[in-house]
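Chain by chain, the residues:
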Amino acid sequence: AAFTSPTFRGQGLGSAQALERRHSDIIETIRTRAERTNNPLTAQQLADALLKLHSVFAVTPRASLRVLEIKEATPQGDAWTARLLITSTGTTESGQRRQVLSEHTINGTITDGTRLGEVPWITNWTIQRTVQRNGPPGLFQEVTAEWGLDKLPIPDNWKLAPGDVLKNRFPMAVADVNRDGRLDVAVAAIDVPPLLLAGDTRQGFRGVAAEVGLVTGSPRDQLTNFAVGWIDFDNDGQCDIYVANMYSKMGRRIIGLVQDSDYPEGVYQQIRGSCAGNRLYCGRGRGQFEEVSDTAGVNSVGWAYGPVLADFDADGQLDIYSTTGFLSFDRKKTDG
């Protein structure tokens, strides 16, 4: 709430070392590691100081604060360390478009009953870096919700426990699949059917996987995707989709001995998806796809990760290089 106040003015980082970079019409100034080791601060004093770093606008800027990390610094749980990222975008008094980002590390000691706004509990504050971008309109701003991407059936990394973030990285591939002049996005996601988002200037992005044949309602829809890529493997001018998926020969043997009723609802399909192998969807025109994984011979490639699609032997046909790997008990009898 303090960021709505237009009354603060300051000098920024002062003596910190600065690096200037130019990108076309945008000038970017980066300052790093300006140490602040004054007397302990109250939360209000820290807020006032942070505001001064961002008080370079003619009117109240659009601002956001994100907590990048917060953790206990001692086993007793009374000392804490946090990393903050503050971003503000607006117009200066001269009419120039400006964006300011600053990253901070704060350390503090909190005991039961501490009045955070009144007691000096912040023992150390370090400005790790600030970035100031000056340039014409066109600086990036987050529009996730405006384009409907916040409703995707995949985890929001901001809401995950720190240890789970690295488990939920979702590669994507971009192409104009239906040739309407708008970019469409294929997303590789874990434990959900394939995602295809069609770009629409009126509605943002919308999921069309079921409309175009990527999702059919069968157990084969449930995959554990690690990567996705666009490819025209048959040179017909239509976009095809290659999906790198988990694959396990042992898993296939096990799944052949059990059935859906042996597991809670949905679990059997997840197990099938985790050992199903890679997928190849052939574009049939008008935005429709047909799975050809078995006939194309890609589903038994192995436990695949990031694919590279290129014509390696210059024969006019695209080839697939896919890194694979899985922990096996015998190097000569690999599983996946």
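Look up: the structure comes first, before these words.
These remarks concern the structure in this document.

How each quantity is defined
Starting from 1, residues in each chain are numbered consecutively following that chain's sequence as written. In keeping with the model being predicted, local features are shown solely for residues with a pLDDT of at least 70 and side-chain atom pairs are shown and tallied solely at 80 or more, while totals for entire chains, interfaces and linings include all residues. To get the side-chain values, take all heavy atoms of the structure and skip hydrogens and water. The secondary structure listing takes helices from DSSP runs of H or I that are at least 4 residues long and strands from runs of E that are at least 2 residues long, numbered from the N terminus. Whether a residue is buried, partly exposed or exposed follows from its accessible area with a 1.4 Å probe, protein chains only, as a fraction of its type maximum: under 20%, in between, or over 50%, in that order. Only heavy atoms enter the contact rule, under which two residues are in contact if any of them lie within 4.5 Å. Per-residue accessibility takes into account occlusion by the displayed protein chains alone, with areas from the Shrake-Rupley method and a 1.4 Å probe. This arc is built from the directions going out from the helix axis to the C-beta atoms. Any two strands are treated as partners once DSSP identifies two or more bridges connecting them. Fitted lines through C-alpha atoms give the axes, limited to the stretch in contact for helices. The angle between two N-to-C directions lies from 0 to 180 degrees. In this description, a nonpolar core means a group of buried Ala, Val, Leu, Ile, Met, Phe, Trp, Tyr and Cys residues linked to one another through side-chain atoms lying within 4.5 Å. The rule is short: rings of Phe, Tyr and Trp, with Trp giving its six-membered ring, pair when the centres are within 6.5 Å, and they are stacked under 30 degrees, edge-to-face over 60, tilted in between. Here a salt bridge means any side-chain nitrogen of Lys or Arg lying within 4 Å of a carboxyl oxygen belonging to Asp or Glu.

Helix and strand content of the chain: 5 helices and 17 strands. Per-residue burial over the chain gives 36% buried out of 336 residues. Long-range contacts, defined here as pairs at least 24 residues apart, represent 55% of the contacts in the chain between residues at least 6 apart. Carbon together with sulfur atoms contributes 52% to the accessible area of the chain, which is approximately 19,700 Å² in total.

We now examine helix H1 (residues 43–53). Along H1, the positions that sit buried rather than exposed are Leu46, Leu50, Leu51 and Leu53. Down the axis of H1, the smallest arc covering the buried residues is 150 degrees, so these residues share one side. Buried residues belonging to H1 abut strand E4 (79–91), strand E5 (97–109) and strand E6 (122–135).

Within the secondary structure layout, Leu280 lies in strand E14 (residues 279–285). A residue is classified by how much of its surface remains accessible, and Leu280, at 2% relative accessible area, is buried. Spatially, the C-alpha atom of Leu280 lies 5.7 Å from that of Val292, the residues being 12 residues apart in sequence. With sequence-adjacent residues up to four places away left out, Leu280 is seen in contact with Ile231, Phe233, Ile241, Tyr242, Glu290, Glu291, Val292, Ser293, Ala296 and Val298.

Of note, Thr89 is situated in strand E4. Setting aside residues up to four positions removed in sequence, Thr89 forms contacts with Phe57, Pro61, Arg62, Arg97, Arg98 and Gln99.

Read across the open sheet, the 4 strands follow the order E7-E8-E10-E11; overall the sheet is antiparallel. Every other strand in the sheet has two partners, leaving strand E7 (172–175) and strand E11 (204–207) as the edge strands with one partner each. Pairwise comparison of adjacent strand axes, ignoring direction, gives a mean angle of 25 degrees for this sheet. Here strand E10 (residues 195–200) runs beside E11; their pairing, made up of 4 bridges, is antiparallel. Opposite Gly199, over in E11, you have Phe205 as the bridge partner.

With respect to the element layout, Ala173 can be found in strand E7. Exposure remark for Ala173: the relative accessible area of 10% places this residue in the buried category. Taking the C-alpha atoms as reference points, Ala173 and Val187, separated by 14 residues in sequence, lie 6.7 Å from one another. Discounting residues that sit within four places of it in the chain, Ala173 has contacts with Asp184, Val185, Ala186, Val228, Gly229 and Trp230.

To continue, consider the nonpolar core. Judged by nonpolar contacts, the single largest core of 17 residues is most densely connected at Leu196, Leu214, Val228, Trp230, Ile241 and Phe289. Once you skip the residues sitting within four places of it in the chain, Leu196 turns out to touch Val185, Ala186, Arg206, Gly207, Val208, Ala209, Val212, Leu214, Trp230 and Phe289. Counting 12 residues, the second-largest nonpolar core is a separate cluster that includes Leu46, Ala82, Trp121 and Ile127.

Okay, the packing of aromatic side chains next. Any two aromatic rings considered together are summarised by their centre-to-centre distance and by the angle between their planes. Under the counting rule described, the total for this entry stands at 1 aromatic pair. Ring centres of Trp230 and Phe289 lie 6.4 Å apart, and the angle between their planes is 40 degrees; on these two criteria the pair is classed as tilted. One end of the pair, Trp230, is in strand E12 (residues 223–231); the other, Phe289, is in strand E15 (residues 288–291), and 59 residues separate them in sequence. Note on accessibility: Trp230 and Phe289 belong to one class, buried.

As a further point, take the pattern of salt bridges. One pass over the full model with this rule turns up 7 salt bridges. Here Lys71 ties to Glu69 by a salt bridge, and the two come within 3.9 Å at their closest N and O atoms. Here Lys71 falls in the partly exposed class, since its relative accessible area comes to 44%. Among the residues examined, Glu69 registers a relative accessible area of 32% and is labelled partly exposed. Where Glu69 meets Arg83, a salt bridge forms, and the shortest distance between an N and an O atom there is 3.3 Å. You can see Glu69 sitting in strand E3 (residues 62–72) and its partner Arg83 sitting in strand E4, a full 14 residues away along the chain. Put simply, Glu69, Lys71, Arg83, Glu103 and Arg129 are held in one network by salt bridges that share partners.

Topologically, Gly316 is positioned in the loop between strand E16 (304–310) and strand E17 (319–324). Judged by its relative accessible area of 42%, Gly316 falls in the partly exposed class. Distance from Gly316 to Phe233, taken between C-alpha atoms, is 9.8 Å for residues 83 residues apart in sequence. Here Gly316 is in contact with Asn235 and Asp311, once residues within four sequence places are set aside.

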